[in-house]
Amino acid sequence: MPVRVITIEREYGSGGANIAKQIAQRLQWKLWDEDITAEIARAANVDLEVTRRCDERVDTLLYRLFKAYARGSYERALSFSESQSFDTDCMVAMLHTVVEDIASRGNCVIVGRGSPYILRNRPDAFHVFIYAPSEEKIRRLKSIGKSDKEAMQLVEEVDRDRGDFIRHYFKKEWPHRPLYNVMINSKFGDEFVVESVLSDVKALEEHHSLQQLEVHES
């Protein structure tokens with residue numbers, strides 16, 4: 001079966017968002033990252049500005065965890081208005097709806113947002129986890145203007161919050177290794193990761209084709 005969906009999970013600062021962008025460009029597929037915000041607004045029938053607005057009064061643990069988990073390596077956090085009708089539980093419910101709909105369209109690369117957990121039963125999905133040593137993540141964050149102190153704090157806190165989010169909503173540790181087809185270290189460079197992922201996707205497709213051929217011949 002051909003791979004039609006690639007999910008990219010990543011440690012904060014590992015460069016996962018940029019790697020996902022490059023993979024989408026190479027495949028000429030749709031990249032779903034910040035655009036998921038608009039899709040969540042559409043699915044929830046909430047004005048797009050509500051999903052973009054910086055939170056004013058929100059100070060709940062789960063809301064903070066959702067924002068931390070939704071953040072890509074360098075992209076802005078998703079921001080939602082706090083209201084009785086659109087809380088964190090509603091966001092996660094909409095996230096399931098949106099990610100499943102996106103995957104059904106195929107030919108897409110989805111960044112984070114629990115996508116490998118949501119799409120774990122799709123046979124046409126290929127799940128990638130990108131990690132890096134702390135010094136590499138700090139180096140990457142400093143290259144975009146973060147101070148040493150800020151970079152170290154972000155590397156420690158964001159992934160801890162992501163883990164808390166996954167434990168609460170998906171009842172798994174983060175990263176849950178059995179979910180992923182590939183876990184790869186980005187310290188060797190973005191191009192290396194891109195080539196490795198594309199090569200592994202191709203190898204898996206060829207393996208599936210060979211299996212189907214053997215079944216037909218038997």
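The structure displayed is predicted, hence computed values, not measured ones.

1. Notes on the sheet that holds strand β1 (residues 5-10)
Next, step 1: A sheet is described by the order of its strands in space; here 5 strands give the open sequence β2-β3-β1-β4-β5, paired in parallel fashion. In the strand order of this sheet, the two ends are held by β2 (30-32) and β5 (182-185), each with one partner. The sheet shows a mean angle of 20° between the axes of neighbouring strands, direction not considered.
Next, step 2: Here β1 pairs with strand β4 (residues 125-131) via 6 bridges, running parallel.

2. Examining helix α7 (residues 134-143)
Next, step 1: Those residues of α7 lying buried are E136, K137, I138, R140 and L141.
Next, step 2: One or two positions beyond α7, positive phi appears at G145, with a value near 105°.

3. Observations concerning the side chain of S115
Next, step 1: Relative to the assigned elements, S115 resides in helix α6 (residues 115-118).
Next, step 2: Among residues more than four places away in sequence, those in contact with S115 are T7, V99 and I110.

4. Looking at the nonpolar core
Next, step 1: One finds V5, I36, I102, I110, Y117, L119 and F170 to be the most contacted residues of the largest nonpolar core, which totals 25 residues.
Next, step 2: Those elements that provide at least two residues to this core are α2 (35-44), α5 (88-105), β3 (108-111), α6, β4 and α8 (148-170).
Next, step 3: In terms of residues, this core owes the most to one element, α5, which gives 7 residues.
Next, step 4: Not counting the four nearest positions on each side in its chain, L119 is found in contact with V5, T7, V99, E100, A103, I110, A125 and H127.
Next, step 5: Membership of the second largest hydrophobic core comes to 20 residues, among which are V3, V111, V193 and L198.

What counts and how
- Residues numbered from 1 in each chain as written.
- Predicted model: local features only at pLDDT ≥ 70, side-chain atom pairs only at ≥ 80, totals over all residues.
- Heavy atoms only, no water.
- Pairing = 2+ DSSP bridges.
- Helix = DSSP H or I, 4+ residues; strand = E, 2+ residues; numbered from the N terminus.
- Axes fitted to C-alpha atoms, helices over the stretch in contact; angles between N-to-C directions.
- Buried < 20%, exposed > 50% of the residue type's maximum accessible area, 1.4 Å probe, protein only.
- Contact = heavy atoms within 4.5 Å.
- Core = buried A, V, L, I, M, F, W, Y, C linked by side-chain atoms within 4.5 Å.

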